[in-house]
Amino acid sequence: MKEIRVSRTASRGIAIGKAFIVEKISLEPDSYNVSQEDLKNETQKYDEAVSEAVRQLELLAEDNDIFGAHLEIVMDAVLTQGVHDKILQQSINVQRALKETAVEWISMFEAMEDEYMRERAADIKDICDRLMRILKGIDHNPFDGINEPVIIVAEDLAPSDTANLNLKYVLGFITQEGGITSHVSIMAKNIGLPALVGVKGILDSVRAEDMIIMDAKAGQILINPEKSVILKYMKQKKVFDQAEAELVRKSRFPAVTSDGHEVSVYANIGSVEEADALAALHIKGVGLLRSEFLYMESKHFPTEDEQFEAYKAIACQLEEEVTIRTLDIGGDKTLSYFEFEHEENPYLGWRAIRISLEMKEMFRAQIRALLRASIFGPVRIMFPMIIAVEELREARGLVEECKKELRAEDIPFNENIQVGMMIETPASVMCAEEFAKEVDFFSIGTNDLTQYMLAVDRGNKKVAPLYNSFHPAVIKSIQKVIEAGHANGIKVGMCGEFASDEQAVKLLLGMGLDEFSMSAASIPLIKDLIRSYSYQDAKQYADTYRCR
């Protein structure tokens, strides 16, 4: 028996079954040369491939919203122009042109700071792979031959792969690449299957038909275990599955500690479709809606009406607050239809609220849409990357201008809409007392706060081990922000990954955090943990922890 330990779990659970190894098909471009006279024919080949991809994706989009987004990308004029330009300007064949363009787009997304957006590089790769298969005439289902329950083991899995997969035969997923926000991770969470991703060397360790036990709760993989071990894990799986079902059932109850202290536990989402899935987990509110999904999935800056319809659709589904972060883009997160100037350090560059305050008409369209949506549910507006009171006042001033416009146009909105800000930089921490007098709530973004506080690029493998939200500087910053908020009568939430860290829940609860916001799949467990604690014990624990 061979054992492999995994540090990060994508979707919890236990699976026992045979391994099905997904063979990777080579999609390297053919190396044929093209004469000057035939270059136009190569561009025509690409256009025909796009038409075929559109046909395929339109069918897939009927059953899966992911392919609706893929459809938008494959039809993107910037992508097409990029391939055409490489064919005509470099005199190369269409397959090479597609490969080079794909590398550029994928690199752009992989360089993004936000982990969720970095993982979207896999979607770009999936789309370009689809086009390459069409160009090469490859029509292959990598899951042919599955006729019994198996554990899928692959280098990585894209939406197009899993569209061909009969999920009734899938017990779990193990991939060599990918992260916890990758497509396979999200899919596994949504359908309740265990998944372990980024398991380096797994394809060298497992052969087809090997018996596997994967314990995605403990981050453990056992290859060809003895029968006694299998029987042991079968019992553990039964207990785990029953406990998970019970967690979801109990998730309908509020997060109230054993001594009566209640906090809010909400979801972080990035699309209308994710909002649709919240009811099944008894989730009543959203602590962070990443509004940039509307901008990145569009071919143009989304109009006021386009944004209004999306915000309204989400607000109408939820009973409790929907906190919508205004556009957080720029530098590391780019748009296909807007050219950003090159920056040496995009993480410290022209981004988020800095862009919004400079591109006032774009910002005005978003604010008006948010205000209009506020009569359909408890919408809250949240500004990202604020570092100065002057920035905050300018942004709030625009909100007041938009309110005045809507009143004049006799368009209804919530006059008392709450306006808050992210706390995600050392500057916002140090000025928390001043900010707390100007806003209705704080939300701590621990992903960026940790990165900026520790001067650690979490996407840099050489220094990633230094990224640690339990670092005393980060913990002291969180406490300072909570105290500043409470001293001024406002609530303080957290929408970074730290809010869903099982080891951090008791500490954050004891520090006085009012709202925990996280990926939807994490909520049942976190709410159950909160209900298991005494608030008084948590406060004593936090006091002791800070004195270490």
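Residues numbered from 1 in each chain as written. Predicted model: local features only at pLDDT ≥ 70, side-chain atom pairs only at ≥ 80, totals over all residues. Heavy atoms only, no water.

Trainee: Got a sec to walk through the overall build of the protein chain? Specific residues and values, please.
Mentor: The helix and strand inventory of the protein chain stands at 23 helices and 16 strands. Counting every position in the protein chain, which comprises 548 residues, the buried fraction comes to 54%. Sequence-distant contacts in the protein chain: of pairs separated by 6 or more residues, those separated by 24 or more amount to 67%. Carbon and sulfur atoms provide 49% of the accessible area of the protein chain, an area that totals close to 24400 Å². Charged side chains in the protein chain number 62 positive and 89 negative. The centres of these two groups are separated by 7 Å. (Helix = DSSP H or I, 4+ residues; strand = E, 2+ residues; numbered from the N terminus. Buried < 20%, exposed > 50% of the residue type's maximum accessible area, 1.4 Å probe, protein only. Contact = heavy atoms within 4.5 Å. Areas by Shrake-Rupley, 256 points an atom, 1.4 Å probe, with all protein chains shown as cover. Lys, Arg positive; Asp, Glu negative; His and termini not counted. Charge placed at Lys NZ, Arg CZ, Asp CG, Glu CD.)

Trainee: Please give an account of the nonpolar core that cites residues and values.
Mentor: Membership of the largest hydrophobic core comes to 99 residues, with the highest contact counts inside it found for Ile-367, Phe-383, Phe-442 and Phe-516. Residues contacting Phe-516, with those up to four places away along its chain left out, are Val-263, Ser-264, Val-265, Tyr-266, Met-494, Ala-499, Val-505, Leu-508, Leu-509 and Ile-530. Core analysis: the next-biggest nonpolar cluster, separate from the first, contains 30 residues, Leu-27, Ile-92, Ile-106 and Ile-127 among them. (Core = buried A, V, L, I, M, F, W, Y, C linked by side-chain atoms within 4.5 Å.)

Trainee: I'd like to hear about the domain arrangement of the protein chain, residue by residue, with values.
Mentor: When the domains of the protein chain are assigned, the result is domain 1 (2-24 + 142-246), domain 2 (38-136) and domain 3 (251-547). A C-alpha centroid distance of 33 Å is found between domain 1 and domain 3. (Domains from an automatic or database assignment.)

Trainee: Account for the sheet that holds strand β7 (residues 220-223), naming residues and giving values.
Mentor: Taking strand neighbours across the sheet as the criterion, the seven strands line up as β1-β7-β6-β2-β3-β4-β5 in an open arrangement whose pairing is mixed. Two strands lie at the open edges of the sheet, namely β1 (2-5) and β5 (195-196), each paired on one side alone. Docked against the sheet, helix α10 (residues 227-250) engages β2 (14-21), β6 (211-215) and β7, running at close to 120° with respect to β2. (Pairing = 2+ DSSP bridges. Axes fitted to C-alpha atoms, helices over the stretch in contact; angles between N-to-C directions.)

Trainee: Tell me about the UniProt feature "binding site: phosphoenolpyruvate" (unreviewed entry) in the protein chain, and name the residues and values.
Mentor: As recorded in UniProt, the feature "binding site: phosphoenolpyruvate" (unreviewed entry) lies at Arg-290, Arg-325, Asn-447, Asp-448 and Arg-458. By the element assignment, Arg-325 lies in strand β11 (residues 322-325). (UniProt positions renumbered as here; feature names shortened; annotations may be inferred.)

Trainee: I'd like to hear about the pattern of salt bridges, residue by residue, with values.
Mentor: A full pass over the atoms with the stated rule returns 34 salt bridges. One salt bridge in this structure joins Asp-328 and Arg-325, with 3.5 Å as the shortest N-O distance. The same class applies to Asp-328 and to Arg-325, which are both buried. Between Glu-405 and Arg-364 there is a salt bridge, with its nearest N and O atoms 2.8 Å apart. Of this pair, Glu-405 sits in helix α16 (residues 389-408) while Arg-364 sits in helix α15 (residues 360-373); the two residues are 41 residues apart in sequence, bridging distant segments of the chain. (Salt bridge = Lys/Arg side-chain N within 4 Å of Asp/Glu carboxyl O.)

Trainee: Now, about the UniProt feature "active site" (unreviewed entry) in the protein chain: what can you tell me, with residues and values included?
Mentor: If you check UniProt for "active site" (unreviewed entry), the listed places come out as His-183 and Cys-495 in our numbering. On the basis of relative accessibility, which here comes to 7%, the residue Cys-495 falls in the buried class. Those residues in contact with Cys-495 that sit more than four places away from it in its chain are Asn-268, Leu-288, Met-422, Ser-443, Ile-444, Gly-445 and Ser-517.

Trainee: Help me get a handle on the packing of aromatic side chains, residues and values and all.
Mentor: Applying the stated criterion to the full structure yields five aromatic pairs. A ring pair is formed by Tyr-295 and Phe-301, whose centres lie 6.5 Å apart and whose planes are at 75°; its orientation type is edge-to-face. Take Tyr-295: its relative accessible area is 0%, and that puts it in the buried class. For Phe-301, a relative accessible area of 27% translates into the label partly exposed. For the pair Phe-308 and Phe-376, a centre-to-centre distance of 5.9 Å together with 55° between the ring planes defines the contact as tilted. Linking Phe-308 in helix α13 (residues 304-315) with Phe-376 in the loop between α15 and β12 (379-383), this pair joins segments that are 68 residues apart in sequence. Sitting above the plane of the Phe-308 ring, Arg-372 keeps its charged end 4.2 Å from the centroid. Directly above the ring of Tyr-541 sits Lys-506, whose terminal nitrogen or CZ lies 5.2 Å from the centroid. (Phe/Tyr/Trp six-rings, centres within 6.5 Å; stacked < 30°, edge-to-face > 60°. Lys NZ or Arg CZ within 6 Å of the ring centre and 35° of its normal.)

Trainee: Just give me the short version of the layout of surface pockets, but keep the residues and values in it.
Mentor: For the second largest pocket, the calculated volume is near 190 Å³. What lines the second largest pocket is a set of 16 residues, among which Pro-254, Tyr-266, Lys-284, Glu-320 and Lys-527 lie closest to the centre. Those elements that provide at least two residues to the lining of the second largest pocket are β9 (262-269) and α22 (523-532). Looking at which element gives the most residues to the lining of the second largest pocket, the answer is β9, with five residues. (1 Å grid on protein atoms, 1.4 Å probe; cavity = no way out; pocket = protein on both sides within 12 Å on 5 of 7 lines; lining within 4 Å. Points joined across faces, edges and corners; volume = space filled by probe spheres on them.)

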